[in-house]
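# Summary of the model geometry
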Amino acid sequence: MKRLRRTVVTLIVLAALALGALLLYGHARRHPEDMPWTALDLTQPVGAFTGRKLAGLVDDAPRCRALLRRAGVTFTALPARRDGPQCGYDSAVRLTGGAQDIAYRPAGLGTECAVAAGQVLWEWHVVQPAARRHFGRGVARVEHFGSYNCRRMYGRDEGNWSEHARANAVDIAAFVLDDGTRIRIVDDWEGGGPRARFLREVRDGACDLFATVLSPDYNAAHRDHLHLDQADRGTLGWRACR
Ligand SMILES: [Zn+2]
């Protein structure tokens, strides 16, 4: 009797495992973007591992540029720059239009390719859909505080170097809709209106695409911008979304 019961339990467990494997296989076929082992494709929807795959592009600039091209994104590759052992970049790009409608102001923003790829997906999947939902309009411009800056975190004299020191970060200050409406982090973050809801939604959506996202909710140093970076902390590394 005891033996029979054990056999039945074993069979049920095996059946459950088989069913689980089958469901996972089905999901993996329908949603390759949700699987950790599939190759990144910028034309696919954002999945559970898209952010980690984007951060992984920091070490593979040729692949990053190829992915941008394949997705119809136009850009200029910037010449490498070196300002000492901790500062500089090898594979920064400047987005120039093409498949993306948002212009970054001031013009001339250059970031590591992995950050640019994150910006493009953020525009397509997060920023534009959120603007249409909350305001019935698209975003024409994004105002920023820059990317490359040879400094340590918070501009201190000691401590870790900022991702800005490698152009692997960008600070976003405001969004301008196609009717000229300007939504600024510093003015519109607080309050419960559509502007505040829009800003929270674009912050939360950025968390799926960037390794680090810091907003006014994090600290006073970020009261006027969203800091987005692609710090590469490995496949299982931590991600910050605050
Ligand atoms: Zn920053």
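Figured I'd write up the structure that's included with this text.

Rules and cut-offs
- Residues numbered from 1 in each chain as written.
- Predicted model: local features only at pLDDT ≥ 70, side-chain atom pairs only at ≥ 80, totals over all residues.
- Heavy atoms only, no water.
- Patch = residues over 30% accessible without salt bridge, like charges linked within 9 Å, V, L, I, M, F, W, Y side chains within 5 Å.
- Areas by Shrake-Rupley, 256 points an atom, 1.4 Å probe, with all protein chains shown as cover.
- Salt bridge = Lys/Arg side-chain N within 4 Å of Asp/Glu carboxyl O.
- Helix = DSSP H or I, 4+ residues; strand = E, 2+ residues; numbered from the N terminus.
- Donors = N, O, S within 2.8 Å, 3.2 Å for Na, K, Ca; no water.
- Buried < 20%, exposed > 50% of the residue type's maximum accessible area, 1.4 Å probe, protein only.
- Axes fitted to C-alpha atoms, helices over the stretch in contact; angles between N-to-C directions.
- Parallel < 35°, antiparallel > 145°, perpendicular 65-115°, else oblique.
- Left-handed = near helix turned anticlockwise from the far one by under 90°.
- Contact = heavy atoms within 4.5 Å.
- Nonpolar A, V, L, I, M, F, W, Y, C, P; charged D, E, K, R; others polar.

### Some words on a nonpolar patch on the surface
Together, Met153, Tyr154 and Tyr218 make up an exposed nonpolar region whose accessible area comes to about 270 Å². Mapped onto the secondary structure, Met153 falls in the loop between β7 (139-146) and β8 (169-177).

### Description of the coordination of the zinc ion
Metal coordination angles have textbook ideals: 109.5 degrees for a tetrahedral set of four donors and 90 or 180 degrees for an octahedral set of six. Taken together, the protein donors to the zinc ion comprise His164 (NE2), Asp171 (OD) and His227 (ND1), at separations of 2.0 Å. Counting residues between consecutive donors of the zinc ion along the chain gives the motif H-x6-D-x55-H. Taken together, the positions of Asp171 in strand β8 and His227 in strand β11 (residues 226-229) put the pair 56 residues apart, joining distant regions of the chain. In this structure Asp171 comes out as buried when scored by relative accessible area, which is 7%. A relative accessible area of 9% means that His227 is categorised as buried.

### Describing the packing of helix α3 (residues 61-70) against helix α4 (residues 113-135)
In contact at an axis separation of 9 Å, α3 and α4 are set at 25° when each is read in the N-to-C sense. By the angle between their directions, the pair α3 and α4 is classed as roughly parallel. By crossing handedness, the relation of α3 to α4 is classed as left-handed. When α3 is examined against α4, the residues Cys64, Arg65 and Leu68 are found in contact with a partner set consisting of Cys113, Ala114, Ala117 and Val120. Taken together, the residues of the contact of α3 with α4 sort by class into six nonpolar, no polar and one charged.

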